[in-house]
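Letter by letter, the chains look like this.
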Amino acid sequence: MESPPADTAPQTPALTYRAPTEEDHARVLAVLDRWWDGLGGDDGARQRAGLLPRLFFQHFTDTSVVVERDGHLVAFLIGFLSQSRPEEAYIHFVGVDPALHGHGLGGELYRRFFDTVRAHGRTIVRAITSETNTGSRAFHARMGFTEAEQSFPGYDGPGTTRVTFVRELEP
Ligand SMILES: CC(C)(COP(=O)(O)OP(=O)(O)OC[C@H]1O[C@@H](n2cnc3c(N)ncnc32)[C@H](O)[C@@H]1OP(=O)(O)O)[C@@H](O)C(=O)NCCC(=O)NCCS
């Protein structure tokens with residue numbers, strides 16, 4: 001089949017990657033429940049919002065990223081270099097618009113983060129997720145993480161069972 005002429009072919013707007021700014025804080029909070037598909041109900045929603053205070057959009061922007069398409073937020077990653085463990089970096093929060101799941105965007109954000117922190121001499125990346133987030137567990141396994149603790153009750157206080165991930169970076 002012939003391709004349509006270039007000027008009538010559907011155009012997919014390009015993805016743009018940039019460091020977050022403080023203005024992105026509210027935009028990210030606004031998508032959390034939809035992007036997490038309401039995981040954990042009201043309690044889950046409260047926990048997620050509490051995990052992303054404004055300070056991440058002020059003090060951790062060099063190692064974090066937001067992705068936009070046509071001006072709309074489609075993904076974000078909040079991560080940082082450990083201040084206390086000079087070999088380590090930490091991915092705190094990542095989300096991709098459900099409309100784009102399974103197209104490699106989450107993996108691209110992780111690979112970019114690995115490159116960024118490797119350039120700062122980091123060789124270990126850590127992350128956590130909730131025990132019930134099976135999609136996140138599968139994703140982290142595909143990204144080369146192992147589950148250091150498969151079930152850590154009370155990790156962040158009562159009622160917060162977490163899985164902890166670790167991955168070594170190749171030099
Ligand atoms: C987890 C998440 C970030 C993955 O993003 P994504 O763009 O869909 O992931 P990718 O397309 O880059 O997938 C990378 C690999 O992980 C696998 N993967 C991703 N999500 C998966 C899922 N839910 N179940 C099984 N495998 C999954 C993909 O199949 C792919 O494997 P491949 O390399 O063999 O092809 C995204 O699903 C998301 O935002 N989920 C809701 C928020 C969340 O749970 N965040 C993580 C906890 S903080």
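Keep in mind that what you see is a predicted model, and the values were worked out from it rather than measured.

Description of the UniProt feature "domain: N-acetyltransferase" (unreviewed entry) in the chain
Moving on, step 1. Under the feature "domain: N-acetyltransferase" (unreviewed entry), the UniProt entry names residues 15-170.
Moving on, step 2. Overall, residues 15-170 shows 31% helix and 31% strand. The separation of its end C-alpha atoms is 27 Å.

Description of the site of the ligand
Moving on, step 1. The environment of the ligand is made up of 20 residues, and the closest members are Val96, Gly104, Gly106, Gly107 and Arg142.
Moving on, step 2. One nitrogen or oxygen atom from the main chain of valine 96 is found 2.8 Å from an oxygen atom belonging to the ligand.
Moving on, step 3. Glycine 107 is positioned with one of its backbone polar atoms (N or O) 2.8 Å from an oxygen atom of the ligand.
Moving on, step 4. Across the complex, the protein chains shield 71% of the 910 Å² of accessible surface that the ligand would expose by itself.
Moving on, step 5. Those elements that provide at least two residues to the shell around the ligand are strand S4 (88-96), helix H4 (105-118) and helix H5 (134-142).
Moving on, step 6. Ranked by residue count, the leading element in the shell around the ligand is H5, at five residues.

The rules behind each value
Residues numbered from 1 in each chain as written. Predicted model: local features only at pLDDT ≥ 70, side-chain atom pairs only at ≥ 80, totals over all residues. Heavy atoms only, no water. UniProt positions renumbered as here; feature names shortened; annotations may be inferred. Helix = DSSP H or I, 4+ residues; strand = E, 2+ residues; numbered from the N terminus. Near = heavy atom within 4 Å. Polar contact = N/O pair within 3.5 Å; in protein donor to acceptor, adjacent residues only side chain to side chain. Areas by Shrake-Rupley, 256 points an atom, 1.4 Å probe, with all protein chains shown as cover.

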